[in-house]
Amino acid sequence: MIRPGLTAAGDRVRLPVGEQLLAPLIDALAITYTEDPDAVGRLLAGHAVRVLALDFAECSLDMPEYERSMRAAEADGTREALFAELPDEVQKDPLLTPGDAVAFATRLNRLAARIRRTATPRARWTRLTARIRCTKNRTTRS
């Protein structure tokens with residue numbers, strides 16, 4: 001079960017999913033790559049191209065919305081192709097029993113009640129850094 005906790009700053013709830021969800025995905029991808037490096041390499045390279053095109057579309061001020069949607073769909077398609085190469089047991093979403101779901105929700109509520117009220121300025125800072133990232137991407141790609 002996922003065990004949530006507060007961040008060190010005490011301003012957010014942390015869900016440590018990396019160990020439980022991401023690590024098995026990376027392991028399965030590495031094993032799949034060793035079995036067929038050419039096919040998986042082509043899938044990874046194709047996905048990288050789609051993700052970079054989507055990033056450029058999201059950061060571009062004059063990009064039409066339909067173009068962003070098309071690039072997002074292309075990135076989703078290549079991501080799905082990569083997921084299809086992974087073993088079935090890694091692709092499944094984690095399932096919680098009713099008791100585990102209630103315990104998880106209760107723990108989240110308790111942690112959320114302890115969050116400091118300084119989260120709003122931090123959220124503004126996060127939006128500002130996202131804008132800066134898009135600006136950097138636009139200037140480096142020209």
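Below you will find a few notes about this structure.

Criteria and thresholds
- Residues numbered from 1 in each chain as written.
- Predicted model: local features only at pLDDT ≥ 70, side-chain atom pairs only at ≥ 80, totals over all residues.
- Heavy atoms only, no water.
- Helix = DSSP H or I, 4+ residues; strand = E, 2+ residues; numbered from the N terminus.
- Buried < 20%, exposed > 50% of the residue type's maximum accessible area, 1.4 Å probe, protein only.
- Axes fitted to C-alpha atoms, helices over the stretch in contact; angles between N-to-C directions.
- Parallel < 35°, antiparallel > 145°, perpendicular 65-115°, else oblique.
- Left-handed = near helix turned anticlockwise from the far one by under 90°.
- Contact = heavy atoms within 4.5 Å.
- Nonpolar A, V, L, I, M, F, W, Y, C, P; charged D, E, K, R; others polar.
- Salt bridge = Lys/Arg side-chain N within 4 Å of Asp/Glu carboxyl O.

**Some points on the environment of serine 69**
Part 1 of the reasoning: Along the polypeptide, serine 69 turns up in helix α3 (residues 65–85).
Part 2 of the reasoning: On the accessibility criterion, serine 69 (42% relative accessible area) is partly exposed.
Part 3 of the reasoning: Sequence spacing of serine 69 and alanine 57 is 12 residues, and the spatial spacing of their C-alpha atoms is 9.1 Å.

**Side note on the packing of helix α2 (residues 37–59) against α3**
When two helices pack together, you describe them by how their axes are tilted relative to each other and by the distance separating the axes.
Part 1 of the reasoning: It is at 9 Å that the axes of α2 and α3 come closest, and there the two elements cross at 155°. Considering the angle they form, α2 stands roughly antiparallel to α3. The way α2 lies across α3 gives a crossing that is left-handed. Contacts from Leu43, Leu44, Gly46, His47, Arg50, Ala53, Leu54, Phe56, Ala57 and Glu58 of α2 reach α3 at Arg68, Arg71, Ala72, Glu74, Ala75, Thr78, Arg79, Ala81, Leu82 and Glu85.
Part 2 of the reasoning: Counted by class, the contact of α2 with α3 contains 10 nonpolar, 3 polar and 7 charged residues.

**Some points on the pattern of salt bridges**
Part 1 of the reasoning: Inspection of the entire model under this criterion finds 3 salt bridges.
Part 2 of the reasoning: Measuring nitrogen to oxygen at the nearest pair gives 3.4 Å for the salt bridge that ties glutamate 65 to arginine 68. On the criterion of helical spacing, the pair formed by glutamate 65 and arginine 68 is a turn pair, its members being 3 residues apart in helix α3.
Part 3 of the reasoning: Given the relative accessible area of 18%, arginine 68 is considered buried.
Part 4 of the reasoning: Notably, a salt bridge pairs aspartate 76 with arginine 79, separated by 2.7 Å at the nearest N-O pair. In this pair, aspartate 76 and arginine 79 are both assigned in helix α3, 3 residues apart and thus about one turn of the helix distant.

By themselves, these are just geometric observations and shouldn't be taken as functional.
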